[in-house]
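Close look at the chain arrangement
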Amino acid sequence: MEQPLISIVIATYNRASSLRTYSLPAIAKLNYPNYEVVIVDDASTDDTQSFLNTSNNNIKNLLVLRNNRNQGACFSRNLGVAHTKGKIVVLMDDDVSPFPDCLDEIIKVYTEDPDVMVIWGCIYEQGGSLAKGTATFGTGSLWSLRREVFEHFRFDTNLRYFRSTACDEHDLARRIQKHNFKIIKAKTVKADHYHAPAENRIWRGIGGDLNYLYEKLKYGSIFQYYGLFILGILLLPKRLLRKGEVNKNLQNHPYYQVFETPNRLLVFIKQRQLFMAAKWLFYILIDIPFRAKTKGIFESLTKAYSTKWPA
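Residues numbered from 1 in each chain as written. Predicted model: local features only at pLDDT ≥ 70, side-chain atom pairs only at ≥ 80, totals over all residues. Heavy atoms only, no water.

Focus on the overall build of the protein chain
- A count of helical and extended segments in the protein chain gives 11 helices and 9 strands.
- Against the globule reference of 19 Å for 311 residues, the protein chain gives a C-alpha radius of gyration of 21 Å, in line with a compact fold.
- Across its three principal directions, the C-alpha atoms of the protein chain cover 70 × 45 × 40 Å.
- Here the protein chain holds 311 residues, and 50% of them are scored as buried.
- Intrachain contacts of the protein chain at a sequence separation of at least 6 include 78% that bridge at least 24 residues.
- Carbon and sulfur atoms provide 54% of the accessible area of the protein chain, an area that totals close to 15,800 Å².
- Computed over 41 positive and 30 negative side-chain charges, the inter-centroid distance for the protein chain is 7 Å. (Helix = DSSP H or I, 4+ residues; strand = E, 2+ residues; numbered from the N terminus. Rg over C-alpha atoms; globule rule 2.2 N^0.38 Å. Buried < 20%, exposed > 50% of the residue type's maximum accessible area, 1.4 Å probe, protein only. Contact = heavy atoms within 4.5 Å. Areas by Shrake-Rupley, 256 points an atom, 1.4 Å probe, with all protein chains shown as cover. Lys, Arg positive; Asp, Glu negative; His and termini not counted. Charge placed at Lys NZ, Arg CZ, Asp CG, Glu CD.)

A short note on the packing of helix H7 (residues 222-242) against helix H10 (residues 261-270)
- Taken N-terminus to C-terminus, the directions of H7 and H10 make an angle of 60°; their axes are 7 Å apart at the nearest point. Classified by the interaxial angle, the pair formed by H7 and H10 is oblique. Between H7 and H10, the residues in contact are Phe 229, Gly 232, Ile 233, Leu 236, Arg 239 and Leu 240 and Thr 261, Pro 262, Asn 263 and Leu 266, respectively.
- Residue composition of the contact of H7 with H10, grouped by class: 6 nonpolar, 3 polar and 1 charged. (Axes fitted to C-alpha atoms, helices over the stretch in contact; angles between N-to-C directions. Parallel < 35°, antiparallel > 145°, perpendicular 65-115°, else oblique. Nonpolar A, V, L, I, M, F, W, Y, C, P; charged D, E, K, R; others polar.)

Details of the side chain of Thr 48
- The residue Thr 48 is located in helix H2 (residues 48-53) in this model.
- On the basis of relative accessibility, which here comes to 0%, the residue Thr 48 falls in the buried class.
- In this structure the side chain of Thr 48 is engaged in a polar contact, spanning 2.6 Å, whose partner is the side chain of Asp 46.
- With near-sequence residues (within four places) excluded, Thr 48 lies in contact with Thr 12, Asn 14, Arg 15, Ala 16, Leu 19 and Asp 41. (Polar contact = N/O pair within 3.5 Å; in protein donor to acceptor, adjacent residues only side chain to side chain.)

Observations concerning the packing of aromatic side chains
- On inspection of all chains with the given rule, the structure shows 12 aromatic pairs.
- With 4.7 Å between their ring centres and 10° between their planes, Trp 120 and Trp 143 make a pair best called stacked. In this pair, Trp 120 sits in strand E6 (residues 116-125) while Trp 143 sits in strand E8 (residues 142-146), placing the two residues 23 residues apart along the sequence.
- Judged by relative accessible area, which is 8%, Trp 120 ranks as buried.
- With a centroid separation of 6.2 Å and 80° between ring planes, the pair formed by Trp 143 and Phe 155 is classed as edge-to-face. Here the residue Trp 143 occupies a position in strand E8, and Phe 155 occupies one in the loop between E8 and helix H5 (168-177), the gap between them amounting to 12 residues.
- Aromatic rings pair up to connect Tyr 161, Phe 162, Tyr 214, Phe 282 and Tyr 283 into one cluster.
- It is Lys 178 that lies over the ring of Tyr 219; its NZ or CZ is 4.3 Å from the centre.
- Arg 264 extends its terminal NZ or CZ atom over the ring of Trp 280, reaching a point 4.1 Å from the ring centre. (Phe/Tyr/Trp six-rings, centres within 6.5 Å; stacked < 30°, edge-to-face > 60°. Lys NZ or Arg CZ within 6 Å of the ring centre and 35° of its normal.)

Rendered as structure tokens:
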């Protein structure tokens, strides 16, 4: 009996070395017999395309797509998923090496529990800030979803502030979870993550802050959002004079970066980063509120009037 087709989707940008060293050699050693690989090259300027053109000999059922211009990981993943045929879609980074039995374990979990819609794989960190060999879950480095999920959900392409896609997989997972679908961590679905260098990683912190803010505002209060901005302005003189610590409740607030904006602007100005200051202010006051509330309304209406998915 033929095993179900599994689709592996990888979005990549200027990391031919990662594909060559980590992901593709490991994929070629997978035990599972029935899989396809879809790689989306997000307009790389290195030798990614030429390398992928010669990879068909080692990887069976390989489809390579290329964006005409850099569109970001969310757009690229959506494009890759749209070209898959498998019942299960596995999303992985180009610097991840799945264990040989990775797909076997994935299909085993989905077969044994029909209610499972999403699986977070077990990632062994081989770089980054954590100790080598540390097992982590809940990252976009390796996770899988049933095909039905993508008939109703897509990655949110608005999550790309300062070219960072931080929070994108968690945003998608939380939207899926709002429909009460089962998401689990599977210790048996394993891979190594090598944290290869990335051009846009320097913006991950600041971009991740804005992505997180956007995600929270989609379903949050716009009045509270702007209220915290005004509060930040009013308390700024006091903070500068007394150099006091911010209330912990504020620090834990999902809109904390809005409150911090006046102080952050001062830092940008002191560093003579006037363009960054203007860009940050535009995102905070105009772009994020408009995009987040528009997207939030659309997602809420889709959820409320869906005839195929439970509310």
